[in-house]
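Here is what each chain is made of, one letter per residue.
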Amino acid sequence: MNKLLRLLQDGHFHSGQELGEALGVSRSAVWKHVQRIQADASVTVYRVPGRGYRLAESLSLLDEEELAPKLSRFGWALHLYDSIDSTNAEALRLLQLEHVPFLVLAETQTSGRGRRGRRWVSPFGHNLYFSLAIRVQGGAGRLAGLSLVVGLAVMQALHSVGIPQAGLKWPNDVYIDGRKVAGILLELTGDPADVCHVIIGVGVNVNMVEAAGIDQLWTSIKEHVGMIDRNQLMLTLADKLRGCLERHADFGFPALKLEWESNHIWQGRSCTLSTGTQDYSGVVLGVDNEGGLRLMIDGCERSFSGGELSLRLDQ
Ligand code: ATP
Ligand code: BTN
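Each value, and the rule that gives it
Residues numbered from 1 in each chain as written. Chains lettered and ligands numbered in written order. Predicted model: local features only at pLDDT ≥ 70, side-chain atom pairs only at ≥ 80, totals over all residues. Heavy atoms only, no water. UniProt positions renumbered as here; feature names shortened; annotations may be inferred. Core = buried A, V, L, I, M, F, W, Y, C linked by side-chain atoms within 4.5 Å. Buried < 20%, exposed > 50% of the residue type's maximum accessible area, 1.4 Å probe, protein only. Helix = DSSP H or I, 4+ residues; strand = E, 2+ residues; numbered from the N terminus. Domains from an automatic or database assignment. Contact = heavy atoms within 4.5 Å. Salt bridge = Lys/Arg side-chain N within 4 Å of Asp/Glu carboxyl O. Buried area = accessible area lost by both parts, 1.4 Å probe. Polar contact = N/O pair within 3.5 Å; in protein donor to acceptor, adjacent residues only side chain to side chain. Nonpolar A, V, L, I, M, F, W, Y, C, P; charged D, E, K, R; others polar. Axes fitted to C-alpha atoms, helices over the stretch in contact; angles between N-to-C directions. Parallel < 35°, antiparallel > 145°, perpendicular 65-115°, else oblique. Left-handed = near helix turned anticlockwise from the far one by under 90°. Near = heavy atom within 4 Å. Areas by Shrake-Rupley, 256 points an atom, 1.4 Å probe, with all protein chains shown as cover. Expected span 1.5 Å × (residues − 1). Pairing = 2+ DSSP bridges.

An unreviewed UniProt entry annotates the chain as Bifunctional ligase/repressor BirA originating from Stutzerimonas stutzeri. Word for word, the UniProt comment on the chain under Catalytic activity (unreviewed entry) is "biotin + L-lysyl-[protein] + ATP = N(6)-biotinyl-L-lysyl-[protein] + AMP + diphosphate + H(+)".

Printed below as a string of structure tokens:
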């Protein structure tokens, strides 16, 4: 599937003969391949007699040959899939077989996971879905603020592709102009008090312009700066992630706290924090040294942390 899509990804016309020669199949077999990629990759291919085939919309496909050598300079082995249930789930499975660190990346996820058991909408070929598996040693203190730091790295990557207004929403969502552009899901195995593995899952909406099943305001990079090369973006994200993870490992979350707070979209705003069973309304003061949210509630400061919390802006 990937070879035919790769030939068509530029969005230009390609004759049946050219495609057949490149794939080593007959012209009628090309048509069957085209029908299969339309079904499997949810792309639309126009077939025009005398001109050949072209994609309704050009694609920027992930390229293992471009990515693997560059990621290996960071010491990250690459596992790239056309389709996987969830890159986080695959990374957890691979932990049994592979040495960390490694990166799992996919063109689509059939069961992309969001926080609190929600679904992450993951159409083929448009966005980035990846999971970095790392080892963390030295006790729970070494994990403090880690998920916030990942958000910071994603935001830095968006700034560097020309979206300076990208900001953070506690604990680790990335927003552009009030719409969610990226989500982060950390999963942990092992003993957090000693040695553990952390799967850092990141989903970024890149060239997606329509999607079904997202029940909140969302956006993509394309809506702000036009279509971009997903391989380049992956490398920029990897670079920012590596930088932030290194700072976090060397100096801890306090070293990144000010940068995080100065990019928090709801800093100083009135918000409601929901724990699932209770709501707390207050003014956002910032984050503490562990990455917990500091709220001023009726004149008293309180800190909140934990994976099940959800913050909403008061109207
Ligand atoms: P919070 O957890 O702080 O309440 P949230 O409302 O974004 O934030 P999450 O659980 O973090 O909720 O994220 C899952 C939600 O993300 C889903 O319920 C869905 O609305 C949304 N979502 C799913 N896929 C995408 C996507 N590709 N882009 C943007 N949002 C998405
Ligand atoms: C959220 O905002 O709810 C978190 C979304 C995390 C989505 C990414 S996509 C890559 C990785 N694999 C998954 O199944 N989920 C994360």
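**Re the nonpolar core**
With 63 residues, the main nonpolar core has Leu 103, Leu 105, Leu 128, Phe 130, Trp 170 and Val 204 as its most contacted residues. The element that contributes the greatest number of residues to this core is helix 6 (residues 146–160), accounting for 10 residues. Viewed by domain, this core spans two of them, domain 2 (64–261) and domain 3 (266–313), each represented by three or more residues. Those residues in contact with Phe 130 that lie beyond four places of it in its chain are Thr 87, Leu 103, Val 104, Leu 105, Ile 200, Gly 201, Val 202, Met 234, Leu 237 and Leu 241.

**Topic: the pattern of salt bridges**
Applying the stated criterion across every chain, the model contains 10 salt bridges. Residue Glu 301 is joined to Arg 294 by a salt bridge in which the shortest nitrogen-to-oxygen separation is 2.7 Å. Owing to a relative accessible area of 44%, Glu 301 belongs among the partly exposed residues under this scheme. The network of salt bridges with common partners includes Asp 85, Glu 90 and Arg 93.

**What about the domain arrangement of the chain?**
Segmenting the chain into domains produces domain 1 (3–55), domain 2 (64–261) and domain 3 (266–313). Here the C-alpha centre of domain 3 lies 24 Å away from the C-alpha centre of domain 2. Domain 2 puts 12 residues into the contact, and the matching count from domain 3 is 21 residues. Together, the buried faces of domain 2 and domain 3 total about 1400 Å²; carbon and sulfur atoms form 55% of this surface. Looking only at domain 2, the three residues that lose the most surface to domain 3 are Arg 116, Trp 170 and Glu 261, adding up to 48% of its buried area. In this assembly, domain 2 and domain 3 are joined by zero salt bridges. Along the contact surface separating domain 2 from domain 3 lie six residue pairs in polar contact (both at pLDDT 80 or more). Top contributing element to the side of domain 2 that touches domain 3 by residue count: helix 9 (residues 254–262), with four residues. Here the residues of the side of domain 2 that touches domain 3 sort into six nonpolar, one polar and five charged.

**Structural notes on the environment of Ile 221**
By secondary structure assignment, the location of Ile 221 is in the loop between strand 9 (195–204) and helix 7 (222–225). For the pair Ile 221 and Asn 205, spaced 16 residues apart in sequence, the C-alpha separation works out to 6.4 Å. Once you skip the residues sitting within four places of it in the chain, Ile 221 turns out to touch Leu 158, Ile 163, Val 181, Val 204, Asn 205, Val 206, Gly 226, Ile 228 and Leu 233.

**Focus: the UniProt feature "domain: BPL/LPL catalytic" (unreviewed entry) in the chain**
The UniProt record marks residues 63–249 with the feature "domain: BPL/LPL catalytic" (unreviewed entry), using the residue numbering of this structure. Counting secondary structure, residues 63–249 comes out at 30% helix and 29% strand; the distance between its end C-alpha atoms is 30 Å.

**Some remarks on the packing of helix 6 against helix 9**
The description of two packed helices rests on the angle between their axes and on the distance between the axes. In contact at an axis separation of 10 Å, helix 6 and helix 9 are set at 55 degrees when each is read in the N-to-C sense. In this view, helix 6 runs oblique relative to helix 9, as classed from their interaxial angle. Classified by chirality, the crossing of helix 9 by helix 6 is left-handed. Across from Leu 148, Val 149, Leu 152 and Gln 156 in helix 6, the residues of helix 9 making contact are Leu 256, Glu 259 and Trp 260. Of the residues assigned to the contact of helix 6 with helix 9, the class counts are five nonpolar, one polar and one charged.

**Side note on the site of ligand 2**
Around ligand 2, the structure places 20 residues, and the nearest of them are Ser 86, Gln 109, Arg 113, Arg 115 and Lys 180. Between Gln 109 and ligand 2, the recorded distance is 2.9 Å, taken from a side-chain N or O atom to a nitrogen atom. Within the backbone of Arg 113, a nitrogen or oxygen atom sits 2.7 Å from an oxygen atom of ligand 2. Surface burial for ligand 2 is 97%, taken as the share of its 410 Å² of free accessible area covered by protein chains. Within the residue set of the shell around ligand 2, elements represented by two or more residues are helix 5 (87–94), strand 5 (128–137), strand 8 (179–190) and strand 9. Here the shell around ligand 2 takes four residues from strand 8, the largest share from any one element. Within the shell around ligand 2, the residues separate by chemical class into six nonpolar, 10 polar and four charged.

**Side note on helix 8 (residues 230–251)**
For helix 8, spanning 22 residues, the distance from its first C-alpha to its last is 31 Å, which sits close to the expected 32 Å at 1.5 Å a residue. Those residues of helix 8 that are buried lie in contact with helix 4 (64–72), strand 4 (102–109), strand 5, helix 6, strand 9 and helix 9. A side-chain oxygen of the first residue of helix 8 lies 2.7 Å from the backbone nitrogen of Asn 231; this N-cap is Asp 229.

**Some thoughts on the sheet that holds strand 14 (residues 310–313)**
Each strand in a sheet pairs with its neighbour through backbone hydrogen bonds, running either in the same direction (parallel) or in the opposite one (antiparallel). With antiparallel pairing, five strands are arranged side by side in an open sheet as 13-12-11-10-14. If you trace the sheet from one side to the other, it starts and ends with strand 13 (300–304) and strand 14, each paired once. Strand after strand, the sheet turns through a mean of 45 degrees between neighbouring axes, direction not considered. The pairing of strand 10 (residues 270–274) with strand 14 spans four bridges and is classified as antiparallel. Note that in strand 14 the partner of Leu 273 across the bridge is Leu 311. Across the sheet, helix 9 touches strand 11 (279–287) and strand 12 (293–297), and the angle it forms with strand 11 is around 120 degrees.

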